[in-house]
Amino acid sequence: MTGTTGAPRRSPLLRLSALLCAVLPLCAAGCAGPSGSADAARPATASPAEELPVLPTFWPTAGATPAPAATPSAGPGNAAAAGTTADRPLTGRTVLLDAGHNTGNAKYTREINRQVDIGNSRKECDTTGTSTDAGYSEAEYTLDVSRRARTLLAERGAKVLFTQDGDRPWGPCIDERARIGNEGKADAAVSVHADGAPAAGQGFHVIMPAKVKAGKADTEAIVASSRRLGLLLREQFKAATGEPYADYIGEQGLDTRSDLGGLNLSKVPKVFIECGNMRNSGDAKRMTDPQWRQQAAQGIADALTAYLTTPAG
């Protein structure tokens, strides 16, 4: 009841303080009423800051100690965030990826059947390539794998040249494919292919240039370096994909040829890889799997990285 004797009287200052606590919406925790709590006065728990994705380290693959996470790549005006040499070991290096054939070649038979000089003979400008029994074409496969490998190599700092990026109606011809690498002064080149052998055969193989000196062709200067690239490609591709060596051609996944214009006319270290036999059901199943194609791209990128970052011999 009001006016009870013995109750302590509050000073005007205390009454003013009580009034302020009642009306201020952002009062301190001590001012919270029965339904409030100290947590109500705290900022809401912040969600974790959104981070740039850390690029995975793909090289080396077998038995490697994981490398420290790379710092985000530098953007415009963010030079401080630039990766170190260890993060981007291919900085300053140029590689050529030659995606074999072209999905449009079948529509341009006159153009691709034209004979071109490969030094020791003449051959068709290009061919349509092969396909799986289900119709997945070699040209689709090679372009997809080359694009995936380009992404990995660019992340490591390389400048990546393409002979075609799905941006040409047909070709280019095999002599132009070699010329693009030569004029681009590539440090190394890989031509990506898939085979169309009898269905009983399976596996991948790497094709290296033979010593050819005839007409416009002279591979003498690149035979040894191309062999080193080929050995690394065989090793890294198998490690990344688990694909066996071809059991129908070559020896232990290696072959040497003198009839390929893309090799005969190259002035830079270059090899071909036949990633599998598209006519073999097991190989075809793997090659139509995007995850396996990513592994194939990793094997190619790892081989080029090893070739360009480790000393010869």
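Placed above this text is the structure.
Just so it is clear, the structure is predicted and the values come from calculations on it, not from any experiment. (Residues numbered from 1 in each chain as written. Predicted model: local features only at pLDDT ≥ 70, side-chain atom pairs only at ≥ 80, totals over all residues. Heavy atoms only, no water.)

A. Geometry of the overall build of the protein. Along the protein, the regular secondary structure elements total eight helices and ten strands. Within the protein, buried positions represent 42% of all 313 residues. For the protein, the accessible area works out to roughly 16,800 Å², and carbon and sulfur atoms hold 55% of it. (Helix = DSSP H or I, 4+ residues; strand = E, 2+ residues; numbered from the N terminus. Buried < 20%, exposed > 50% of the residue type's maximum accessible area, 1.4 Å probe, protein only. Areas by Shrake-Rupley, 256 points an atom, 1.4 Å probe, with all protein chains shown as cover.)

B. Fine view of the state of the cysteines. Applying the stated criterion to the full structure yields one disulfide. Note on cysteine connectivity: Cys125 is disulfide-linked to Cys173, with sulfurs 2.0 Å apart. The sign of the -95° torsion about the S-S bond sets the Cys125-Cys173 disulfide as left-handed. Highlighted residues: Cys125 in the loop between β3 (122-124) and α3 (138-155) and Cys173 in the loop between β4 (159-162) and α4 (174-183), separated in sequence by 48 residues. Taking the relative accessible area as the measure of exposure, Cys173 reaches 5% and is therefore buried. (Disulfide = S-S within 2.5 Å.)

C. Representation of helix α8 (residues 290-309) in the model. With 20 residues, α8 ought to run about 28 Å at 1.5 Å a step, and its terminal C-alpha atoms sit 28 Å apart, in line with that. Among the 20 residues in α8, 15 count as buried, and that is most of the element. Its side-chain oxygen placed 3.0 Å from the backbone nitrogen of Gln291, Asp289 serves as the N-cap of α8. (Expected span 1.5 Å × (residues − 1). Polar contact = N/O pair within 3.5 Å; in protein donor to acceptor, adjacent residues only side chain to side chain.)

D. The nonpolar core, seen in detail. One finds Leu97, Tyr141, Leu153, Val190, Ile273, Ile300 and Leu304 to be the most contacted residues of the largest nonpolar core, which totals 41 residues. Put simply, the parts of the chain that give this core at least two residues each are β1 (94-99), α3, β4, β5 (188-195), β6 (205-209), α5 (223-241), β10 (270-277) and α8. Among the elements that take part in this core, α8 stands out by supplying ten residues, more than any other. Residues within four places of Ile300 in sequence aside, it is in contact with Leu97, Val145, Ala149, Val190, Val192, Leu233, Phe237 and Ile273. (Core = buried A, V, L, I, M, F, W, Y, C linked by side-chain atoms within 4.5 Å. Contact = heavy atoms within 4.5 Å.)

E. Region of the structure containing the packing of α5 against α8. Across the interface, α5 lies against α8 with an axial gap of 8 Å and an inter-helix angle of 145°. Crossing handedness for the pair α5 and α8: right-handed. Of α8, the residues touching α5 (which contributes Ser225, Arg228, Leu229, Leu232, Leu233, Gln236, Phe237, Ala240 and Thr241) are Trp292, Gln295, Ala296, Gln298, Gly299, Ile300, Asp302, Ala303, Leu304, Ala306 and Tyr307. When grouped by side-chain class, the residues that make up the contact of α5 with α8 number twelve nonpolar, six polar and two charged. (Axes fitted to C-alpha atoms, helices over the stretch in contact; angles between N-to-C directions. Left-handed = near helix turned anticlockwise from the far one by under 90°. Nonpolar A, V, L, I, M, F, W, Y, C, P; charged D, E, K, R; others polar.)

F. The pattern of salt bridges, seen in detail. Within this structure, the stated rule accounts for 16 salt bridges. Arg110 is paired through a salt bridge with Glu111; the nearest N and O atoms lie 3.4 Å apart. Assessed through its relative accessible area of 67%, Arg110 is described here as exposed. Through salt bridges that share partners, Asp98, Asp126, Arg177 and Lys270 make up one connected network. (Salt bridge = Lys/Arg side-chain N within 4 Å of Asp/Glu carboxyl O.)

G. Spotlight on a positive patch on the surface. Taken together, the side chains of Arg114, Arg122, Arg179 and Lys216 make up a positively charged region of the molecular surface. Secondary-structure assignment places Arg122 in strand β3. (Patch = residues over 30% accessible without salt bridge, like charges linked within 9 Å, V, L, I, M, F, W, Y side chains within 5 Å. Lys, Arg positive; Asp, Glu negative; His and termini not counted. Charge placed at Lys NZ, Arg CZ, Asp CG, Glu CD.)

H. View of unusual backbone geometry. Following Gly171, the chain continues to Pro172 via a peptide bond in cis, the omega torsion being 10°. Summarising the element assignment, Pro172 is placed in the loop between β4 and α4. Even without being glycine, Lys185 reaches a positive phi, approximately 55°. The exposed category is assigned to Lys185, whose relative accessible area is 66%. Positive phi outside glycine occurs at Gln252, with the angle close to 55°. Within the secondary structure, Gln252 sits in the loop between α5 and β9 (254-257). With a relative accessible area of 53%, Gln252 lands in the exposed category.

I. Examining the packing of aromatic side chains more closely. In total, this model carries three aromatic pairs according to the counting rule given. Note on Phe237 and Trp292: the rings are 6.0 Å apart at their centroids and 80° apart in plane angle, and the pair reads as edge-to-face. Placement of Phe237 in helix α5 and of Trp292 in helix α8 is noted, with a sequence separation of 55 residues between them. Judged on exposure class, the residue Phe237 and its partner Trp292 are both buried. One aromatic cluster is present, formed by Phe204, Phe237, Tyr245 and Trp292 through successive ring pairs. (Phe/Tyr/Trp six-rings, centres within 6.5 Å; stacked < 30°, edge-to-face > 60°.)

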